[in-house]
Amino acid sequence: MNSMPLVHAAMDAPQDAGVKAVLDDVRTQLGGVPNLFRAYANNPTLLSQLWDRYQHVMLTGHLSPKLKEAMALMIAADEHCDYGIAQHVAWLEKLGVAPKEILRIRTDPDHAHFDSKEHALLELARHMNSAPHDHGDLAVKAARKAGATDAEILEAVAVAGLSAELSHAASFLGVPVD
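Conventions used here
- Residues numbered from 1 in each chain as written.
- Predicted model: local features only at pLDDT ≥ 70, side-chain atom pairs only at ≥ 80, totals over all residues.
- Heavy atoms only, no water.
- Salt bridge = Lys/Arg side-chain N within 4 Å of Asp/Glu carboxyl O.
- Buried < 20%, exposed > 50% of the residue type's maximum accessible area, 1.4 Å probe, protein only.
- Core = buried A, V, L, I, M, F, W, Y, C linked by side-chain atoms within 4.5 Å.
- Contact = heavy atoms within 4.5 Å.
- Helix = DSSP H or I, 4+ residues; strand = E, 2+ residues; numbered from the N terminus.
- Polar contact = N/O pair within 3.5 Å; in protein donor to acceptor, adjacent residues only side chain to side chain.
- Expected span 1.5 Å × (residues − 1).
- Phe/Tyr/Trp six-rings, centres within 6.5 Å; stacked < 30°, edge-to-face > 60°.
- Lys NZ or Arg CZ within 6 Å of the ring centre and 35° of its normal.
- Axes fitted to C-alpha atoms, helices over the stretch in contact; angles between N-to-C directions.
- Parallel < 35°, antiparallel > 145°, perpendicular 65-115°, else oblique.
- Left-handed = near helix turned anticlockwise from the far one by under 90°.
- Nonpolar A, V, L, I, M, F, W, Y, C, P; charged D, E, K, R; others polar.
- Arc of directions from axis to C-beta.

Colleague: Is there a simple way to think about the pattern of salt bridges in this case?
Modeller: Side-chain pairs of opposite charge can arise where the charged atoms are in close proximity. Inspection of the entire model under this criterion finds eight salt bridges. Residue aspartate 150 is joined to arginine 144 by a salt bridge in which the shortest nitrogen-to-oxygen separation is 2.8 Å. When its relative accessible area of 47% is taken as the criterion, arginine 144 is described as partly exposed. When salt bridges that share partners are traced, they join Lys20, Asp24 and Arg27 into one network.

Below, the structure is given as structure tokens:
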């Protein structure tokens, strides 16, 4: 990671009313404004799009918040993104996940405490991130065999995609850990 951020983070009271509204909504829903959202505040359109996408992918849907955060942590760890690792560890802690379980998710997700369908979806998310040019036939078939619906498979793909994108952005821009 860069030693200094390459873009400035927005202050707590941004001048742009749209940015302020989005950051206020982020603060309300997440309990604070992560530095990555502050960095995106330099471009109001991208901030708004990111927040909308984040809400739809990470805060709603069929998969549990724990599973989504586990996917995001696993991908941040695979991408060696210090920012993402710290962020998703903190969110898993807020969800009540024990430190030993968080370490399992981060370093050995095959032994984390998830049911067979959740494990299959974790593997699908990891496969999508690590081998994006592979069509993923085996991972999708394994998820279906474990009981995952198409909606759940698509949601896992969306979590993997968003997590990888944000890990890349945070690392590339040197966003400091919150």
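From this point, the discussion proceeds with the structure in view.
Colleague: Just checking my understanding: could you explain the nonpolar core for this structure?
Modeller: A general tendency of soluble globular proteins is for nonpolar side chains to be buried together. If you look at the biggest cluster of nonpolar residues, it comprises 56 residues, and the most contacted ones within it are Phe37, Leu47, Tyr54, Met71 and Leu121. Setting aside residues up to four positions removed in sequence, leucine 121 forms contacts with Leu63, Leu67, Met71, Ala143, Ala148, Glu152, Ile153 and Ala156.

Colleague: Could you clarify how one ought to interpret the side chain of glutamine 55 in this entry?
Modeller: Checked against the element boundaries, glutamine 55 lands in helix H3 (residues 44–58). At a separation of 2.9 Å, a polar atom in the side chain of glutamine 55 contacts the side chain of glutamine 29. Beyond its immediate stretch of four places on either side in the chain, glutamine 55 contacts Asp25, Gln29 and Thr60.

Colleague: When you look at helix H5 (residues 82–94) in this model, what are you seeing that I'm missing?
Modeller: Helical geometry note: an α-helix holds 3.6 residues per turn, so side chains three or four residues apart project in the same direction. Relative to the 18 Å expected for 13 residues at 1.5 Å per residue, H5 spans 18 Å between its end C-alpha atoms, a close match to the ideal helical length. Three or more residues of H5 are buried, namely Tyr83, Gly84, Ile85, Gln87, His88, Val89, Trp91 and Leu92. Where the residues of H5 are buried, they touch helix H1 (17–30), helix H2 (35–40), H3, helix H4 (65–78), helix H6 (99–107) and helix H9 (150–173). Where H5 ends, the next residue or the one after it, glycine 96, has phi of about 90°, a positive value.

Colleague: Would you mind showing me how to read the packing of aromatic side chains here?
Modeller: Two aromatic rings are characterised by how far apart their centres lie and by the angle between their planes. Evaluated as defined, the whole model comprises four aromatic pairs. Relative to tryptophan 51, the ring of phenylalanine 37 has its centre 5.6 Å away and its plane inclined at 85°; by these criteria the two rings are edge-to-face. One end of the pair, phenylalanine 37, is in helix H2; the other, tryptophan 51, is in helix H3, with 14 residues separating them in the sequence. Note on accessibility: phenylalanine 37 and tryptophan 51 belong to one class, buried. Between the aromatic rings of phenylalanine 37 and tyrosine 54, the centroid separation amounts to 5.5 Å while the plane-to-plane angle is 90°, which identifies the pairing as edge-to-face. Placement of the pair is phenylalanine 37 in helix H2 and tyrosine 54 in helix H3, with a sequence separation of 17 residues. Members of the aromatic cluster, each reached through a chain of ring pairs, are Phe37, Trp51, Tyr54 and Trp91. Over the ring of phenylalanine 114 we find lysine 66; its NZ or CZ atom is 4.6 Å from the centre of that ring.

Colleague: Sorry, what's going on with the packing of H4 against H9 here?
Modeller: Here H4 crosses H9 at 40°, and the two axes come no closer than 9 Å. Judged by the inter-axis angle, H4 sits oblique to H9. The way H4 lies across H9 gives a crossing that is right-handed. Across from Lys68, Met71, Ala72, Ile75 and Ala76 in H4, the residues of H9 making contact are Glu155, Ala156, Val159, Ala160, Ser163, Ala164 and Ser167. In terms of residue class, the contact of H4 with H9 is built from eight nonpolar, two polar and two charged.

Colleague: Just to check I follow, could you spell out H1 for this structure?
Modeller: The terminal C-alpha atoms of H1 lie 20 Å apart, and with 14 residues this matches the ideal 20 Å at 1.5 Å per residue to within 8%. Among all positions of H1, only Val19, Val22, Leu23, Val26 and Leu30 are buried. The buried side chains of H1 occupy one side of the element, clustering within an arc of 95° when seen end-on. Exposed positions of H1 whose direction lies more than 90 degrees from the buried face are Ala17 and Thr28. In the core, the buried residues of H1 are packed alongside H2, H3 and H5. Among the residues of H1, the N-terminal cap falls to aspartate 16, whose side-chain oxygen and the backbone nitrogen of glycine 18 are separated by 2.8 Å.

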